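Below are the chains, spelled out letter by letter.
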There are 2 protein chains.
Amino acid sequence: MNMKIGTLASHTGLSIQAIRYYEQQELVPTPGRSSGNYRIYDETSVKHLVFIKHCRNLGLSLEEIKALLRVRTKPDETCSEINHIIDHHVAVVDRRLTELQELRQQLGALRTKCGENQAAKDCGILRELFEITSP
Amino acid sequence: MNMKIGTLASHTGLSIQAIRYYEQQELVPTPGRSSGNYRIYDETSVKHLVFIKHCRNLGLSLEEIKALLRVRTKPDETCSEINHIIDHHVAVVDRRLTELQELRQQLGALRTKCGENQAAKDCGILRELFEITSP
DNA sequence: ATTGACTCTCTAGCGACTATAGGGTTTATG
DNA sequence: CATAAACCCTATAGTCGCTAGAGAGTCAAT
Ligand SMILES: [Zn+2]
Ligand SMILES: [Zn+2]
Ligand SMILES: [Zn+2]
Ligand SMILES: [Zn+2]
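Residues numbered from 1 in each chain as written. Chains lettered and ligands numbered in written order. Predicted model: local features only at pLDDT ≥ 70, side-chain atom pairs only at ≥ 80, totals over all residues. Heavy atoms only, no water.

Enquirer: How should I be thinking about the protein's contact with DNA strand D in this particular structure?
Expert: In the vicinity of DNA strand D, 20 residues are found, and the nearest of them are G6 and R20 of chain A together with S15, Y38 and R56 of chain B. Each atom of DNA strand D within 4 Å of the protein was classed as base or backbone; sugar and phosphate made up 75%. G36 of chain B places a polar main-chain atom, nitrogen or oxygen, 3.4 Å from a phosphate oxygen of DNA strand D. Within the residue set of the surface near DNA strand D, elements represented by two or more residues are α1 (5–12) and α2 (16–24) of chain A together with α2 (16–24) of chain B. (Near = heavy atom within 4 Å. Polar contact = N/O pair within 3.5 Å; in protein donor to acceptor, adjacent residues only side chain to side chain. Helix = DSSP H or I, 4+ residues; strand = E, 2+ residues; numbered from the N terminus.)

Structure below.
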């Protein structure tokens, strides 16, 4: 049942340093220690960290995850903050998507300016980068 | 013709600190100094920094920009490295786009799990985040 | 002479870790 | 039982591309 940090790391797929970092940032409760000062975890710790990992995979920041975890400890309050966080995050992702799509298009256009191996002084990409004034 | 760093900053739209940072990272040549130890720039500096700014707007890293600038100083070599950099960068952007699109879809699906303000213990979002095991 | 606007260097901070150094602990093997 | 391998500890520095600040110096105008 009990395990040390290495086992927890392989059970969760997180790195040992990441787990210690989450502890320092107060996303996970301070674990107990063995006689040799090793951190001791159990199955609850695994679930807790898998929750965090899943949120990180969705791109949530540690502060956002912290807020979700806080709400989880107050099961009788409303979950409006949760909806708020997800909605905000969706908006951020949408904005970033739009930016990246524009970028992609500009890069594609730029790439067509050079056929293959020309002399650098004749390279259409360099010319374009040097001449274009603003996006 | 000559100008100090503040003027250069407003001519290029970059911050003063960014310009000094580019100098430190050797993306721009060490500028001359006035008697009072102020950096002195000219029109060439403006073009140089606008080039950098344009590349940054395309998401290129400072190292990539450094490589482009190096090629520009060797006008008789081939521009194959330039194509290489752009191609690599397009690939990075494409990968990131795919990731973000998946993320967006997962977030959208997650958001539908909660109607509006329920009690936190009944919130479908929290439940989903806690139960889903892997992406 | 004193303000104010500008500039200088140096340092710390952001986010979310990773990597290293220099130790201590536990476990397995001979 | 001794030793080596594997594991763990803390503390610190580094990543990237800047931003923000402290504390000092310079230059123009009033
Ligand atoms: Zn967010
Ligand atoms: Zn070319
Ligand atoms: Zn790139
Ligand atoms: Zn809810």
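Enquirer: So what exactly am I meant to see when it comes to the relation of the copies chain A and chain B here?
Expert: For these two chain copies, the linking operation is a rotation about an axis paired with a shift along it. When chain A is fitted onto chain B, the two copies agree to an RMSD of 0.3 Å after a turn of 180° and an axial shift of 0.0 Å. On this basis, the relationship between the two copies can be described by a two-fold rotation axis. Relative to the rotation axis, the closest C-alpha in chain A is found at L97 of chain A, a distance of 3.5 Å. (Least-squares fit on C-alpha atoms with pLDDT ≥ 70 in both.)

Enquirer: Can you help me understand the packing of aromatic side chains in this one?
Expert: Aromatic ring pairs are reported here in terms of the distance separating the ring centres and the angle at which the planes meet. All told, the structure shown has four aromatic pairs over all chains when counted by the stated rule. Between the aromatic rings of F51 of chain A and F130 of chain B, the centroid separation amounts to 6.3 Å while the plane-to-plane angle is 55°, which identifies the pairing as tilted. One end of the pair, F51 of chain A, is in helix α3 (residues 43–57); the other, F130 of chain B, is in helix α6 (residues 124–131), on a second chain. Looking at F51 of chain A, the relative accessible area reads 1%, which means it is buried. (Phe/Tyr/Trp six-rings, centres within 6.5 Å; stacked < 30°, edge-to-face > 60°. Buried < 20%, exposed > 50% of the residue type's maximum accessible area, 1.4 Å probe, protein only.)

Enquirer: Explanation requested: the coordination of the zinc ion (ligand 1) in the structure shown.
Expert: The zinc ion (ligand 1) binds to the protein through E64 of chain A (OE), E64 of chain A (OE) and H89 of chain A (ND1); the donor distances cover 2.1 to 2.7 Å. In this pair, E64 of chain A sits in helix α4 (residues 62–72) while H89 of chain A sits in helix α5 (residues 80–111), placing the two residues 25 residues apart along the sequence. (Donors = N, O, S within 2.8 Å, 3.2 Å for Na, K, Ca; no water.)

Enquirer: Can you walk me through the coordination of the zinc ion (ligand 4) in this structure?
Expert: Six octahedral donors around a metal ideally sit at 90 or 180 degrees from one another, while four tetrahedral donors ideally sit at 109.5 degrees. Only C79 of chain A (SG), C114 of chain B (SG) and C123 of chain B (SG) from the protein coordinate the zinc ion (ligand 4), and they sit 2.1 to 2.2 Å from it. Highlighted residues: C79 of chain A in the loop between α4 and α5 and C114 of chain B in the loop between α5 (80–111) and α6, drawn from two different chains.

Enquirer: Mind showing me how you'd approach the environment of I82 of chain B here?
Expert: All names here are of chain B. Looking at the element boundaries, I82 is found in helix α5. On the basis of relative accessibility, which here comes to 0%, the residue I82 falls in the buried class. Along the chain, I82 and V71 lie 11 residues apart, while their C-alpha atoms are 7.7 Å from each other.

Enquirer: Explanation requested: unusual backbone geometry in the structure shown.
Expert: With the exception of glycine, most residues fall at negative phi, and the peptide bonds are largely trans. Residue and element names in this part refer to chain A. Its identity is not glycine, yet E26 carries a phi of approximately 65°, on the positive side. Along the chain, the position of E26 falls in the loop between α2 and β1 (32–33). Phi at N37 takes a positive value of approximately 70°, unusual for a residue other than glycine. For N37, the location among the structural elements is in the loop between β1 and β2 (39–40).

Enquirer: Help me understand the interface of chain A and chain B, please; the structure alone is not making it clear to me.
Expert: Much of the literature gives interface size as the accessible area that the parts lose upon coming together. Taken residue by residue, the interface counts 51 residues in chain A and 51 residues in chain B. A buried area of about 4800 Å², summed over both sides, lies between chain A and chain B, and 73% of it is on carbon and sulfur atoms. Seen at the junction of chain A and chain B, the total is six salt bridges. Its salt-bridge partner being R111 of chain B, residue D87 of chain A comes within 2.6 Å of it at the nearest N-O pair. Across the contact surface, chain A and chain B share 16 residue pairs in polar contact (both at pLDDT 80 or more). Elements supplying a minimum of two residues to the side of chain A that touches chain B: α3, α4, α5 and α6 (124–131) of chain A. With 19 residues, the single largest contributor to the side of chain A that touches chain B is α5 of chain A. (Contact = heavy atoms within 4.5 Å. Buried area = accessible area lost by both parts, 1.4 Å probe. Salt bridge = Lys/Arg side-chain N within 4 Å of Asp/Glu carboxyl O.)

Enquirer: Looking at this model, I keep getting lost on the protein's contact with DNA strand C. Mind explaining?
Expert: Taken together, 20 residues form the shell around DNA strand C, and within it S15, Y22 and Y38 of chain A together with G6 and R20 of chain B come nearest. Put simply, 75% of the atoms of DNA strand C that lie within 4 Å of the protein are in sugar or phosphate. R56 of chain A places a side-chain nitrogen or oxygen 2.9 Å from a phosphate oxygen of DNA strand C. R20 of chain B places a side-chain nitrogen or oxygen 2.7 Å from a phosphate oxygen of DNA strand C. Elements supplying a minimum of two residues to the surface near DNA strand C: α2 of chain A together with α1 (5–12) and α2 of chain B. Counting residues per element, the surface near DNA strand C draws most heavily on α2 of chain A, at four residues. Grouping the amino acids of the surface near DNA strand C by side-chain chemistry returns eight nonpolar, seven polar and five charged. (Nonpolar A, V, L, I, M, F, W, Y, C, P; charged D, E, K, R; others polar.)

Enquirer: Can you help me understand α2 of chain A in this one?
Expert: Each turn of an α-helix holds 3.6 residues, which means side chains three or four residues apart point in the same direction. Residue and element names in this part refer to chain A. Taken as a whole, α2 has its buried residues at A18, I19, Y22 and E23. Seen along its axis, α2 keeps its buried residues to an arc of 145°; they face one direction. Residues of α2 that are exposed and point more than 90 degrees away from the buried face comprise Q17 and Q24. Once α2 finishes, E26 follows within two positions and takes phi at roughly 65°, a positive value. (Arc of directions from axis to C-beta.)

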